[in-house]
Amino acid sequence: MCGIVGVISKSENGKIFLEKISAATDCLAQRGPDDSGIYKHNHVALGHRRLSIIDVSDAGAQPMSDPSGRFTIIFNGEFFNFKEHRKFVLSKGIKLFSESDTEVLLQLYILEKEKCLERVNGFFSLAIYDKLEEEVFIARDRFGVKPLLVYEDDDAFMFSSEMKALMKLGIKKELDGASLLSYFQLNYIPSPHSIFKNIRKLSPGTFLKFSVKNKKAIEEKSFYTIPYSEKITNVSSYHAAQKKLYSLLDAAVQRRLISDVPLGSFLSGGVDSSVISGLASKHTKHLKTFSIGFRDEPMFDETQYAQLVAKKHKTDHTVFSLTNEDLFEVLHDVLNYIDEPFADSSALNVFILSRHTRKHVTVALSGDGADELFGGYNKHRAEWLLRNDSRFAPGIKLFSAVLKNFSGSRNTKAGNRIRQIHRFAEGMKLSAAERYWRWCGFTDANIAEDLFLKKEKDRREEFEKRKSQLTKNINGKQDLNDVFYSDVNLVLQSDMLTKVDLMSMANSLEVRTPFLDYEVVDFAFALPSSYKIDKAVQKKIVKDAFKNLLPEDIYNRKKQGFEVPLLKWFRTELKSMITDDLLNDNFIREQNLFN
């Protein structure tokens, strides 16, 4: 796991960006604390920060060039199945000088160009420069586990793992109003857009070729798309599907155990991390597992469930027991590392879990992706009820009317239930696509727009265009795979994976996600949603396929989010910081942006 940055100058003015490549690379030091490297050739500069995981020797250092010096690669991520392809490269008579996955990938590119990406089971962002053809090739993994941001103006084309490196290069900044409007509904900015108009995120499963001599992109193309279809055909029996899922996920976990540095697993006490930890423990003696608990907030503490799993699988389990003060201490570290507006409060939890875990291991497995693929969220349960149980909606409508004077919150069980009833009643009135968008966020577009000093027609029109694109696959039919597919492309990509990448990399920890092995994802979308969710159970096939790995209390337990008690903090410890600083009248007026 590493950080990359690249600059291609297109004019005399653009050459100044080349001179800043070292400073931009240093911005990524937390992504790669072990080593740093710079490559320059004419109008191209590449920077790399290294977190050594596979072949930690100097032979694996980057930027890495082939023996001829024609091709140079910078690679952020892991190529889990590289050993089988290493044999293929050697069979071609090519001599390899390291044990790294990076060198294998570089030689595969030389042999097959962009076709080599189809061989890679892993996650990555990368760039390869062909000195002879004067062409830069960049690519991003299938699901966007690793970030790759792109900037272009008249003077330069640039890319980086993080926006802070682009900022260090001195780029022009212009706020994107539609992104800001989206943010105030979702708590994050949906890809491929960013907070700035001239910075975008390269789409997952996409590569881009840039001609240095012609000063323009010559091809941008997808090398992978999720095989989603509204029609599910050739479906195996539910029992056979369970066996297949077990086999695929077990193989995905085994692939992700490859490492030349200490490795462990997150263990929250939920189904997903319990399954991953259970599988990993079969292939690793004394697997190290890690969880955090909140001494001051029992409602948000899941450590007793994590202990059950650790005991069942005899893992070397560590609990980090935290107080509210521990979370406050990292608040500014979290905010300082985030480059654009992002307000998923569980980032605090992931940050502090990553910080403590990094003291013991360099790599951690996680259960991310299962909720989106297999129907784990409360909104999935609500959507299923609306589409499949006509008796449920009238009762919710009645309860909502009775409770209209009560506003709920996540801070108590009763308050959270009231909140859910109101959201359900609101969603009933909307089309399937509008309801999907509403349930992804915490407010609607009209309320969000009222936050601005003035309404702008162009901002709202562009926002609606983007929203339509993100909800275009929602069809409202009985099968919920349309929702799961949309969640993978919106929620997973722009919220969950962004959060985990940023918070783990801020602490130089690599996090691997077996549920996002592309073979698992392809299989998940070949199944009808009835295998995933029904009237009684969510993530049904995951629970049933791995039932022998789960303590009974975990199997029967309802999902609990990885949350923090925000409302309580806003009213107590954080109140003065919010009212006296962040929402100070003079500060708001000076920005000339908000009402």
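Heads up: the structure comes first, above all this text.
So, here's what we can say about the structure. Being a predicted model, the structure only gives us computed values, none of them experimental.

Definitions and cut-offs
- Within every chain, residues take consecutive numbers counted from 1 along the sequence as written.
- Whole-chain, interface and lining totals are the exception, using all residues; otherwise, since this is a predicted model, local features are given only for residues with pLDDT of at least 70 and side-chain atom pairs are given and counted only at 80 or more.
- As a rule here, side-chain values cover all heavy atoms of the structure and leave hydrogens and water aside.
- A run of DSSP states H or I qualifies as a helix once it reaches four residues; a run of E qualifies as a strand once it reaches two. Both are numbered from the N-terminal end.
- What sets the accessible areas is the Shrake-Rupley method with a 1.4 Å probe; for residues, cover comes only from the shown protein chains.
- His is not counted here, nor are the chain ends, while Lys and Arg score as positive and Asp and Glu score as negative.
- In this description, the location of a charge corresponds to atom NZ of lysine, CZ of arginine, CG of aspartate or CD of glutamate.
- Any residue under 20% of the maximum accessible area for its type is buried, any over 50% is exposed, and the rest in between are partly exposed; the area is computed with a 1.4 Å probe on protein chains only.
- Two strands qualify as a pair provided that DSSP identifies no fewer than 2 bridges between them.
- Helix axes are fitted to C-alpha atoms over the stretch in contact, other axes to C-alpha atoms as well, and angles between N-to-C directions run from 0 to 180 degrees.
- Any pair of N or O atoms that falls within 3.5 Å is considered a polar contact. Within protein, one atom must be able to donate a hydrogen and the other to accept it, and sequence-neighbouring residues count only if both atoms are side-chain atoms.
- In what follows, residue pairs with any heavy atoms lying within 4.5 Å of each other are defined as contacts.
- For patches, a residue must show more than 30% relative accessible area and have no salt bridge; joins then use 9 Å for like charges and 5 Å for nonpolar side chains, namely Val, Leu, Ile, Met, Phe, Trp and Tyr.
- Salt bridge, as applied in this entry: a Lys or Arg side-chain nitrogen positioned within 4 Å of an Asp or Glu carboxyl oxygen.
- We call a crossing left-handed when the near helix sits turned anticlockwise from the far one by less than a right angle, and right-handed when that turn is clockwise.
- A pair of cysteine sulfur atoms is labelled a disulfide when the two atoms are within 2.5 Å.

### Let's talk about the overall build of the chain
Of regular secondary structure, the chain possesses 25 helices and 17 strands. Overall, the chain is about 75 × 60 × 50 Å in size when its C-alpha atoms are taken along their principal axes. Surface summary for the chain: the accessible area is close to 25400 Å², and the carbon and sulfur share equals 50%. Separation of charge centres in the chain, based on 86 positive and 80 negative side chains, amounts to 4 Å.

### Some details on the pairing of strand β1 (residues 2-9)
Counting buried positions along β1 gives 8 out of 8 residues, so the element sits mostly inside the fold. The alternating pattern of β1 places Cys-2, Ile-4, Gly-6 and Ile-8 and Gly-3, Val-5, Val-7 and Ser-9 on opposite faces, both of which are buried. Alignment of β1 against strand β3 (residues 44-50), held across 7 bridges, turns out to be antiparallel. Bridge assignment links Cys-2 to a residue of β3, and that residue is Arg-50. Taken together, the 5 bridges between β1 and strand β9 (residues 156-160) define a ladder with antiparallel strand orientation. For Ser-9, the partnering residue across the bridge sits in β9 and is Ala-156.

### Focus on the pairing of β9
In terms of burial, β9 is a largely internal element, 5 of the 5 residues being buried. What you see with β9 is no split at all: Ala-156, Met-158 and Ser-160 on one side and Phe-157 and Phe-159 on the other are buried throughout. One ladder, built from 4 bridges, connects strand β8 (residues 149-152) with β9; its direction is antiparallel. Paired with Leu-149 across the bridge in β9 is Ser-160.

### Looking at helix α13 (residues 378-388)
Burial within α13 is extensive, with 8 of its 11 residues counted as buried. By the burial criterion, the buried members of α13 are Lys-379, His-380, Arg-381, Ala-382, Glu-383, Trp-384, Leu-385 and Arg-387.

### Considerations on the sheet that holds strand β14 (residues 288-294)
Across the sheet, 5 strands lie side by side as β15-β14-β13-β16-β17; this open sheet has parallel pairing. Each end of this open sheet is capped by a strand with a single partner; those strands are β15 (316-322) and β17 (510-512). The mean inter-strand angle of the sheet, taken between neighbouring strand axes irrespective of direction, is 30°. Pairing geometry for strand β13 (residues 263-266) and strand β16 (residues 363-365), over 3 bridges, is parallel. Bridge assignment links Leu-263 to a residue of β16, and that residue is Val-363.

### Thoughts on the side chain of Thr-72
Take Thr-72: it is sitting in strand β5 (residues 71-79). Of the polar contacts made by the side chain of Thr-72, one reaches the side chain of Ser-65; its length is 2.7 Å. Once you skip the residues sitting within four places of it in the chain, Thr-72 turns out to touch Tyr-39, Leu-46, Pro-63, Met-64, Ser-65, Ala-127, Ile-128 and Tyr-129.

### Re a negative patch on the surface
Judged by side-chain charge, Asp-296, Glu-325, Glu-329 and Glu-573 come together as a negatively charged surface patch. Structurally, Asp-296 can be placed in the loop between β14 and α9 (303-313). Exposure remark for Asp-296: the relative accessible area of 38% places this residue in the partly exposed category.

### Some details on the sheet that holds β3
If you walk across this open sheet you meet the 6 strands as β2-β3-β1-β9-β8-β10, and the pairing is antiparallel. Of all the strands in the sheet, just β2 (35-41) and β10 (199-201) have a single pairing partner and so form its edges. Between one strand axis and the next, the sheet turns through 15° on average, direction left out of account.

### As for unusual backbone geometry
Most peptide bonds take the trans configuration, and most residues that are not glycine carry a negative phi. Between Gln-62 and Pro-63 the backbone carries a cis peptide bond, its omega angle lying at 0°. Its place among the elements puts Pro-63 in the loop between β3 and β4 (64-65). For the bond running from Ser-191 to Pro-192, omega is 10°, close enough to zero to count as cis. Note on placement: Pro-192 falls in the loop between α6 (177-186) and β10. One non-glycine residue, Asp-55, adopts positive backbone phi at about 50°. At Ser-508, a position not held by glycine, the phi torsion is positive, near 55°. Considering the arrangement of structural elements, one finds Ser-508 in the loop between α19 (481-505) and β17. Looking at Ser-508, the relative accessible area reads 10%, which means it is buried.

### Structural notes on the packing of helix α11 (residues 347-357) against α19
Running from N to C, α11 and α19 point in directions that differ by 35°, and their axes come no closer than 8 Å. Crossing angle aside, the handedness with which α11 passes α19 is right-handed. Of the residues in α19, those in contact with Ala-347, Val-350, Phe-351 and Ser-354 of α11 are Lys-499, Val-500, Met-503 and Ser-504.

### Considerations on the state of the cysteines
In protein chemistry, a disulfide is the covalent bond that joins the sulfur atoms of two cysteines. According to the stated counting rule, one finds 0 disulfides in the structure shown. Cysteine Cys-2 shares no disulfide, and the gap to the nearest cysteine sulfur, in Cys-27, comes to 16 Å. A disulfide-free cysteine, Cys-116 has its sulfur positioned 17 Å from the sulfur of Cys-2, the nearest such atom.

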